[in-house]
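# Examination of the molecular architecture
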Amino acid sequence: MKGILRFGRYQMVLPFAQNDNTIMYINYESIIGLEIHVELKTKSKMFCGCYADWFGKSPNSNTCPVCLGLPGALPVTNKKAVEWCVLLGIALNCEIPEFSKFDRKNYFYPDLAKGYQISQYDKPFAINGSLEINTNQLINQSTNKPINATMKQLNNETMKKKIRIRRVHLEEDTGKLLHDVVGGKRVSLIDFNRSGVPLVEIVTEPDIRSSEEARIFLKKLYQIIRCIGISDADMEKGSLRIEPNISVRETSLRASVKQSLSAQTDIKIATSPSAPRNDTNDLPSYKVEVKNINSFSFTRKAIDFEIARHIDLLNHGETPIQETRGWDEKKGITYSQRSKEEAHDYRYFPEPDIPPIRWAESQISNFKLQIPELPNVKLARFMKDYQLSEYDAIILTDEKETAEYFEKTISLKDTPGVAGVQGFPGGGEIGIIPKTIANWIINKKADINKVSPEKLLKLIADQTQRSIIPDDELEKVIKKILLENPRAMADYKSGKENVLMFLLGQVMRGVKGKSNAEDIKQKLKLLLNLYPDV
Amino acid sequence: MKVAVIKIVTSSIIKHIAQLANLDLSDEELKSMSPQFSSILNLVSKIKKLDTTNVSETSQVTGQENVFREDEVDSKRILTQEEALSNAKNKHNGYFVVDAIFEE
Ligand SMILES: [Zn+2]
């Protein structure tokens, strides 16, 4: 395939030339929506008192009549799970409807003990949200290829894009299936330990235009989930599972473009976007859903695989079939899962065993107060409070632990003695600014998993002190400071010796920390004595 | 919600319903069920004659709302592996066993 892959847009060079010096281009655009399932880390299951932490237990040792679907067992809703679902909804800028309920989703599959899953159909806990992501859609205009810019190169040029969230709802997880051969016969083994674990489902609108955007979105969602502390989102344990749905549409035939015969690499592409489109009215007639992917990079690969497959089909005049596909992580391909097609008639109806939920306005505003500082708020605060670039702030706020480490170091920065620099009020006086600390952490000059914030300050101070300016330059700075501070000089002469510390601080700032306290002190005293008494 | 009255339940509808209910029906059974389904639906549809002008829509009758339990493990109710498997037709190494589900 001769496609030129671009972030969010794909361009095909048709194999035929229209007439001389002209080539027709068809643009393809991928339309991607995501469904994400997240297991909550409550203590107990969604509707019974079994452990929600099912991982690693011997099979079928964490079940009860409710989560085994035994006749007559009645579910009772876990309050915390509901609250956490609402919290995530709020963190994703959703509306929280006053009224909500659970529904039965009916289908037969061996991992579903009851023959139905308790889920939410038309009254989910949260609707109509959005999540803003930073995307880098820089395209080299002359080669028409994406620029492999690192975040650092892009620096503050990241582009912002809003991905709409359709809904956030709560349901129960299923049991786990293993496939094996027992007594010469192929069988499936079922472990119901996971059955009934609270599961939040997040559904986006089809606003994502590339696998890279999907990855960025997922990363951001992951950070938010971890930040509000409702799930470990541990993908190796399958507590975060991703189902992208993908389709590709042809955007209008690009106007033909003049081609200089000799320099094909130098084709100038019309870069203005095609006519504005109404996304919701103009979706392709099909979409392909890829089930249960458990890593961001696999999601990215599965999406890219699908996009290429669809473009290939479309290029041959075919429309891809609407279907459910699985992801084969060993081969790096998707495959048709027709077995899952039959049962798409779920016959939802309201769950009669669970009364509906109605929030008072005060409860919802109370939930809002429980939201901690979210990653994007923290990022903005880091830029403002610590005068950091967006690049620095993104890296420092990427992991909660790194952000906490940074802020702990900042809080100690000006504690006397902490940096191990005697005679100084704190790190600020020897030129340690937030940016200095940020650089040390970002450039991994010290391993923050091993070095305490106190130790880091000491290391920074030591290195700062090592770079010393020559004597005559120090003298110049001291003289300048003295002339600027006649009052301080007078005070010193009249016996107020503690003014020396003030002057020392001024000099230290003047030399940007490139001297040491003792030297400055000596030189200060000397020079002070050279000036006539006032 | 508007519900269309289905006068005739065709065998293809019954086939679909049987599939959803995980039932294997013979052609004979399919054929005999068609009139049975239709007559049941017609009987039930008599409910439409009730005047519901001043009755609000609901999906439950207890009138209860917000029934929750605290997030606590109730280990007394957790079954042992033996108990959980005690009614299983087939078991193996602590698992329930069913015919292979092919993921294709
Ligand atoms: Zn249970």
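Residues numbered from 1 in each chain as written. Chains lettered and ligands numbered in written order. Predicted model: local features only at pLDDT ≥ 70, side-chain atom pairs only at ≥ 80, totals over all residues. Heavy atoms only, no water.

So, on to the overall build of chain B. Check the secondary structure of chain B and you find three helices and three strands. Listing every helix and strand of chain B by position from the N terminus yields α-α-β-α-β-β. Relative to its length of 104 residues, chain B is extended, with a C-alpha radius of gyration of 22 Å against a globular reference of 13 Å. Dimensions along the principal axes, computed over C-alpha positions, put chain B at roughly 55 × 45 × 25 Å. Per-residue burial for chain B yields a buried fraction of 20% across its 104 residues. Sequence-distant contacts in chain B: of pairs separated by 6 or more residues, those separated by 24 or more amount to 41%. Summing over all exposed atoms, chain B offers an accessible surface of approximately 8,500 Å²; the carbon and sulfur share of this is 55%. Across chain B, the 12 positively charged side chains and the 16 negatively charged ones have centroids separated by 12 Å. (Helix = DSSP H or I, 4+ residues; strand = E, 2+ residues; numbered from the N terminus. Rg over C-alpha atoms; globule rule 2.2 N^0.38 Å. Buried < 20%, exposed > 50% of the residue type's maximum accessible area, 1.4 Å probe, protein only. Contact = heavy atoms within 4.5 Å. Areas by Shrake-Rupley, 256 points an atom, 1.4 Å probe, with all protein chains shown as cover. Lys, Arg positive; Asp, Glu negative; His and termini not counted. Charge placed at Lys NZ, Arg CZ, Asp CG, Glu CD.)

This next bit is on the coordination of the zinc ion. The expected angle between donors at a tetrahedral four-coordinate metal is 109.5 degrees. At an octahedral six-coordinate metal it is 90 or 180 degrees. All names here are of chain A. Looking at the metal site, the zinc ion is ligated by Cys48 (SG), Cys50 (SG), Cys64 (SG) and Cys67 (SG), spaced 2.3 to 2.4 Å from it. Coordination at the zinc ion is tetrahedral, judged from the four donor atoms that bind it and the angles of 102 to 116° they form at the metal. Positions of the donor residues of the zinc ion, expressed as sequence spacing, correspond to C-x1-C-x13-C-x2-C. With cysteine 50 in the loop between strand 3 (22-39) and strand 4 (77-78) and cysteine 67 in the loop between strand 3 and strand 4, this pair connects stretches of sequence that are 17 residues apart. For the pair cysteine 50 and cysteine 67, a shared accessibility class is recorded, and that class is buried. (Donors = N, O, S within 2.8 Å, 3.2 Å for Na, K, Ca; no water. Tetrahedral: all angles 85-135°; square planar, octahedral: opposite > 155°, others 65-115°.)

Quick look at helix 9 (residues 434-442) of chain A now. In an α-helix there are 3.6 residues to a turn, and that puts residues three or four apart on one side. All names here are of chain A. Of all nine residues making up helix 9, seven are buried, and the element is well covered by its neighbours. Along helix 9, the residues classified as buried are Pro434, Thr436, Ile437, Ala438, Trp440, Ile441 and Ile442. Directly after helix 9, the chain includes lysine 444, whose backbone phi takes a positive value near 55°.

Attention shifts here to the nonpolar core. All names here are of chain A. Ranked by size, the top nonpolar core spans 76 residues in total, and within it Leu88, Leu92, Val168, Leu170, Ile202 and Phe217 carry the most contacts. Those residues in contact with leucine 170 that sit more than four places away from it in its chain are Leu40, Met46, Ala81, Val82, Cys85, Phe102, Ser119, Gln120, Phe125, Leu199 and Val200. Core analysis: the second largest hydrophobic core is formed by 25 residues, Ile394, Phe406, Ala438 and Ile441 among them. (Core = buried A, V, L, I, M, F, W, Y, C linked by side-chain atoms within 4.5 Å.)

What follows covers the interface of chain B and chain A. Counting from both sides, the interface comprises 38 residues of chain B and, opposite them, 56 residues of chain A. Surface buried jointly by chain B and chain A totals about 4,200 Å² across both partners, of which 58% is contributed by carbon and sulfur atoms. When residues of chain B are sorted by the area they lose upon contact with chain A, Phe68(B), Arg69(B) and Asp71(B) head the list and together hold 18% of the total. Remark: the boundary between chain B and chain A carries three salt bridges. (Buried area = accessible area lost by both parts, 1.4 Å probe. Salt bridge = Lys/Arg side-chain N within 4 Å of Asp/Glu carboxyl O.)

To continue, consider the packing of helix 1 (residues 11-20) of chain B against helix 2 (residues 27-44) of chain B. Residue and element names in this part refer to chain B. Where helix 1 meets helix 2, the axes come as close as 9 Å, and the angle between the chain directions of the two elements is 100°. The angle between helix 1 and helix 2 falls in the class roughly perpendicular. Seen from helix 1, the contacting residues are Ser11, Ile14, Lys15 and Ile17; seen from helix 2, they are Leu30, Met33, Ser34 and Phe37. Split into classes, the residues belonging to the contact of helix 1 with helix 2 amount to five nonpolar, two polar and one charged. (Axes fitted to C-alpha atoms, helices over the stretch in contact; angles between N-to-C directions. Parallel < 35°, antiparallel > 145°, perpendicular 65-115°, else oblique. Nonpolar A, V, L, I, M, F, W, Y, C, P; charged D, E, K, R; others polar.)

The next subject is the packing of aromatic side chains. Two numbers describe a pair of aromatic rings. These are the distance of the centres and the angle of the planes. Residue and element names in this part refer to chain A. Here the structure, examined in full by the defined rule, presents 14 aromatic pairs over all chains. Aromatic pair phenylalanine 47 and phenylalanine 102: ring centres 5.4 Å apart, planes at 80°, arrangement edge-to-face. In this pair, phenylalanine 47 sits in the loop between strand 3 and strand 4 while phenylalanine 102 sits in the loop between strand 5 (99-100) and strand 6 (103-106), placing the two residues 55 residues apart along the sequence. On the accessibility criterion, phenylalanine 102 (1% relative accessible area) is buried. (Phe/Tyr/Trp six-rings, centres within 6.5 Å; stacked < 30°, edge-to-face > 60°.)

This paragraph deals with the sheet that holds strand 11 (residues 185-191) of chain A. The strand order across the open sheet formed by four strands is 10(A)-11(A)-3(B)-2(B), and the pairing between neighbours is antiparallel. Only two strands of the sheet have a single neighbouring strand rather than two, namely strand 10 (176-182) of chain A together with strand 2 (91-92) of chain B. Note that strand 10 of chain A and strand 11 of chain A share seven bridges and pair antiparallel. Bridge pairing in strand 11 of chain A links Val182(A) to Lys185(A). (Pairing = 2+ DSSP bridges.)

Okay, the pattern of salt bridges next. Residue and element names in this part refer to chain A. Scanning the model with the defined rule gives 37 salt bridges over all chains in all. Its salt-bridge partner being arginine 215, residue glutamate 212 comes within 3.0 Å of it at the nearest N-O pair. Taken together, the positions of glutamate 212 and arginine 215, both in helix 3 (residues 211-228) and three residues apart, correspond to about one turn of that helix. Here arginine 309 ties to glutamate 323 by a salt bridge, and the two come within 3.9 Å at their closest N and O atoms. Here glutamate 323 lies in strand 15 (residues 323-328) and arginine 309 lies in helix 4 (residues 296-315), a separation of 14 residues in the sequence. Overlapping salt bridges bring together Glu39, Asp173, Arg194 and Arg241 as one network.

What follows is about the sheet that holds strand 6 of chain A. Residue and element names in this part refer to chain A. The sheet built from three strands is open, its strands ordered 7-6-17 with antiparallel pairing. Only two strands of the sheet have a single partner each, and these edge strands are strand 7 (116-119) and strand 17 (349-350). Two strands pair when backbone bridges link them, and strand 6 and strand 17 are joined in this way by two bridges, in the antiparallel orientation. When the bridges of strand 17 are listed, aspartate 103 appears paired with proline 350.

So, about the confidence of the model for chain B. All names here are of chain B. The share of residues in chain B with pLDDT of 70 or more is 90%, and the mean pLDDT across the chain is 87. When mean pLDDT is taken per element in chain B, strand 1 (residues 68-69) scores highest with 98 and helix 1 scores lowest with 85. In the predicted assembly, ipTM is 0.86 and pTM is 0.77. (pLDDT = per-residue confidence, 0-100.)

On the surface, Ile40(B), Leu43(B), Val44(B), Ile47(B) and Leu50(B) cluster together into a nonpolar patch covering about 530 Å² of accessible area. The residue Ile47(B) is located in the loop between helix 2 and strand 1 in this model. (Patch = residues over 30% accessible without salt bridge, like charges linked within 9 Å, V, L, I, M, F, W, Y side chains within 5 Å.)

Another point: the pairing of strand 12 (residues 198-204) of chain A. All names here are of chain A. The element strand 12 is extensively covered by neighbouring structure, given that seven of its seven residues are classed as buried. Taking every second residue as pointing to the same face, both faces of strand 12 are buried, with Pro198, Val200, Ile202 and Thr204 on one and Leu199, Glu201 and Val203 on the other. Examined bridge by bridge, strand 9 (residues 159-172) and strand 12 share seven bridges and lie antiparallel to one another. Opposite glutamate 172, over in strand 12, you have proline 198 as the bridge partner.

Time to look at the packing of helix 1 (residues 79-91) of chain A against helix 5 (residues 361-369) of chain A. All names here are of chain A. Closest axis-to-axis distance for the helix 1/helix 5 pair is 9 Å, and the angle between their directions is 70°. When the interaxial angle is binned, helix 1 and helix 5 end up roughly perpendicular. Here Glu83, Val86, Leu87 and Ile90 of helix 1 come into contact with helix 5, specifically with Ile364, Phe367 and Lys368.

As defined by bridge partners, strand 11 of chain A adjoins strand 3 (residues 95-99) of chain B across four bridges and the pair is classed as antiparallel. The partner of Val187(A) across the bridge, within strand 3 of chain B, is Asp99(B). Where strand 2 of chain B meets strand 3 of chain B, two bridges bridge the pair, whose relative direction is antiparallel. In the strand pairing of strand 3 of chain B, Lys91(B) is matched with Phe96(B). Here strand 2 of chain B folds back onto strand 3 of chain B in antiparallel fashion, the turn holding two residues, of which Asn93(B) has a positive phi close to 50°.

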